[in-house]
Amino acid sequence: EPEVTQTPSHQVTQMGQEVILRCVPISNHLYFYWYRQILGQKVEFLVSFYNNEISEKSEIFDDQFSVERPDGSNFTLKIRSTKLEDSAMYFCASLLTSGVYEQYFGPGTRLTVT
Amino acid sequence: AQSVTQLDSQVPVFEEAPVELRCNYSSSVSVYLFWYVQYPNQGLQLLLKYLSGSTLVKGINGFEAEFNKSQTSFHLRKPSVHISDTAEYFCAVSPSNFGNEKLTFGTGTRLTIIP
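Worth saying up front: this structure is predicted, and the values here are computed from it rather than measured. (Residues numbered from 1 in each chain as written. Chains lettered and ligands numbered in written order. Predicted model: local features only at pLDDT ≥ 70, side-chain atom pairs only at ≥ 80, totals over all residues. Heavy atoms only, no water.)

Colleague: Explain the overall build of chain B to me, please; I cannot follow it from the model alone.
Modeller: From N to C terminus, chain B includes zero helices and twelve strands. The linear arrangement of helices and strands in chain B, starting from the amino end, is β-β-β-β-β-β-β-β-β-β-β-β. When its C-alpha atoms are laid out on the principal axes, chain B stretches across 40 × 30 × 20 Å. Working note: accessible area of chain B is about 5400 Å², and carbon and sulfur atoms make up 50% of it. (Helix = DSSP H or I, 4+ residues; strand = E, 2+ residues; numbered from the N terminus. Areas by Shrake-Rupley, 256 points an atom, 1.4 Å probe, with all protein chains shown as cover.)

Following this line, the structure appears as structure tokens:
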């Protein structure tokens, strides 16, 4: 069964460093999402991406964040200068098309900022 | 805007006993409702969804949920749980527009099955 994959599974970085979280969505899916979950808190929406541009972003997704689909398979989330409060589990999701309603999630990347 | 409340953060249940995981939501627009499950070290997997029609929806692994519009609830139930049901369960909503909108999640309920 096709699945969304994410790498790395765990990333430790120092405050102020740049990190790139990688996701490979299901191959024929058209919509892509990033969510995050700070330990003990809700899963929160960050950004959605369609047709090579951002469809919607949350207040969390400020200028420190960016997303890119550099080729036909990868979908990345970049944090330019990490802060302690960026420590969280980051989930990537993909959706086949409008009207399907099921977002498929990856296993997540745990980001620890020290 | 939407919000989701899962009233129980942890629910311990004996094996083969029934379980109900509670979810309430708030929204100024019509919504679609979802339950996702997360097994250890895995991603979120869709259990079931309510889009329209019958208020009782059935999902995978013997789970079902009932949409109650007047109580703005979407509680998840299973008549007899198994050890393999040990996981974290998330309730989520999205605006009922095109089906590609963001999901708004609750804080999750950790279901622990006691042998």
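Colleague: It is not clear to me how the overall build of chain A should be interpreted in this structure. Could you clarify?
Modeller: A tally of helices and strands in chain A yields zero helices and eleven strands. Beginning at the N terminus, the succession of helices and strands in chain A can be written as β-β-β-β-β-β-β-β-β-β-β. A compact globule built from 114 residues would reach a C-alpha radius of gyration of about 13 Å, and chain A, at 13 Å, matches this within 12%. Projected onto its principal axes, the C-alpha coordinates of chain A cover approximately 40 × 30 × 25 Å. The proportion of buried residues among the 114 residues of chain A is 46%. Within chain A, contacts between residues at least 6 apart in sequence are counted, and of these 54% link residues at least 24 apart. (Rg over C-alpha atoms; globule rule 2.2 N^0.38 Å. Buried < 20%, exposed > 50% of the residue type's maximum accessible area, 1.4 Å probe, protein only. Contact = heavy atoms within 4.5 Å.)

Colleague: Could you clarify how one ought to interpret the side chain of Lys 78 of chain B in this entry?
Modeller: Take Lys 78 of chain B: it is sitting in strand S9 (residues 73-78). Residues within four places of Lys 78 of chain B in sequence aside, it is in contact with Ala 17, Pro 18, Val 19, Asn 61, Gly 62, Phe 63 and Asp 85 of chain B.

Colleague: In this structure, what is going on with the pattern of salt bridges? I would like to understand it.
Modeller: For side chains of opposite charge, pairing can occur when their charged atoms come near one another. Summed over the entire model, instances satisfying the criterion amount to nine salt bridges over all chains. The closest approach of N and O atoms between Glu 56 of chain A and Lys 102 of chain B, which form a salt bridge, is 3.4 Å. Of this pair, Glu 56 of chain A sits in strand S6 (residues 53-57) while Lys 102 of chain B sits in the loop between strand S10 (87-95) and strand S11 (104-105), each in a different chain. Classification of Glu 56 of chain A as partly exposed rests on a relative accessible area of 32%. Among the ionic contacts, a cluster of salt bridges with common partners joins Arg 36, Glu 44 and Asp 86 of chain A. (Salt bridge = Lys/Arg side-chain N within 4 Å of Asp/Glu carboxyl O.)

Colleague: Looking at this structure, I do not really get the nonpolar core. What am I missing?
Modeller: Nonpolar side chains tend toward joint burial in soluble globular proteins. Formed by 28 residues in total, the largest nonpolar core has its most connected members in Leu 33, Trp 35, Leu 47, Leu 48, Phe 74, Leu 76 and Tyr 89 of chain B. Those residues in contact with Leu 76 of chain B that lie beyond four places of it in its chain are Val 19, Glu 20, Leu 21, Trp 35, Leu 47, Leu 48, Phe 63, Glu 64, Ala 65 and Tyr 89 of chain B. If you look at the next biggest cluster of nonpolar residues, it comprises 22 residues, including Val 4, Val 19, Leu 46 and Phe 65 of chain A. (Core = buried A, V, L, I, M, F, W, Y, C linked by side-chain atoms within 4.5 Å.)

Colleague: It is not clear to me how the environment of Leu 111 of chain B should be interpreted in this structure. Could you clarify?
Modeller: Residue and element names in this part refer to chain B. As for its placement among the helices and strands, Leu 111 is situated in strand S12 (residues 109-114). Owing to a relative accessible area of 0%, Leu 111 belongs among the buried residues under this scheme. Sequence separation between Leu 111 and Glu 88 is 23 residues; the distance between their C-alpha atoms is 6.0 Å.

Colleague: Before we go on, may I ask you to explain the interface of chain B and chain A in this structure?
Modeller: In many analyses, interface size is given as the accessible surface area lost on bringing the parts together. Residue-level contacts link 22 residues of chain B with 19 residues of chain A. Here chain B and chain A share an interface that buries about 1800 Å² over both sides, 59% of which is from carbon and sulfur atoms. Inspection of the chain B/chain A interface yields one salt bridge. Viewed at the interface, chain A and chain B are joined by seven residue pairs in polar contact (both at pLDDT 80 or more). Those elements giving two or more residues to the side of chain B that touches chain A turn out to be strand S5 (31-38) and strand S6 (44-50) of chain B. A breakdown of the residues in the side of chain B that touches chain A according to their chemical character gives eleven nonpolar, eight polar and three charged. (Buried area = accessible area lost by both parts, 1.4 Å probe. Polar contact = N/O pair within 3.5 Å; in protein donor to acceptor, adjacent residues only side chain to side chain. Nonpolar A, V, L, I, M, F, W, Y, C, P; charged D, E, K, R; others polar.)

Colleague: How should unusual backbone geometry be read in this particular structure?
Modeller: Excluding glycine, a negative phi dihedral is what most residues carry, and trans is how most peptide bonds are arranged. Residue and element names in this part refer to chain A. Residues Thr 7 and Pro 8 are joined by a peptide bond in cis, for which omega reads -10°. Inspection of the secondary structure assignment puts Pro 8 in the loop between strand S1 (5-7) and strand S2 (10-13). In this structure, Asn 51 is a non-glycine residue whose phi angle is positive, near 55°. Mapped onto the elements of the fold, Asn 51 is located in the loop between strand S5 (43-50) and S6. For Asn 51, a relative accessible area of 59% puts it in the exposed group.

Colleague: Could you clarify how one ought to interpret the environment of Asp 62 of chain A in this entry?
Modeller: All names here are of chain A. Structurally, the position occupied by Asp 62 is in the loop between S6 and strand S7 (65-68). Relative accessible area serves as the criterion here: at 32%, Asp 62 is assigned to the partly exposed category. Separated by 36 residues in sequence, Asp 62 and Ile 26 have C-alpha atoms that sit 27 Å apart. In this structure the side chain of Asp 62 is engaged in a polar contact, spanning 2.9 Å, whose partner is the backbone nitrogen of Gln 64.

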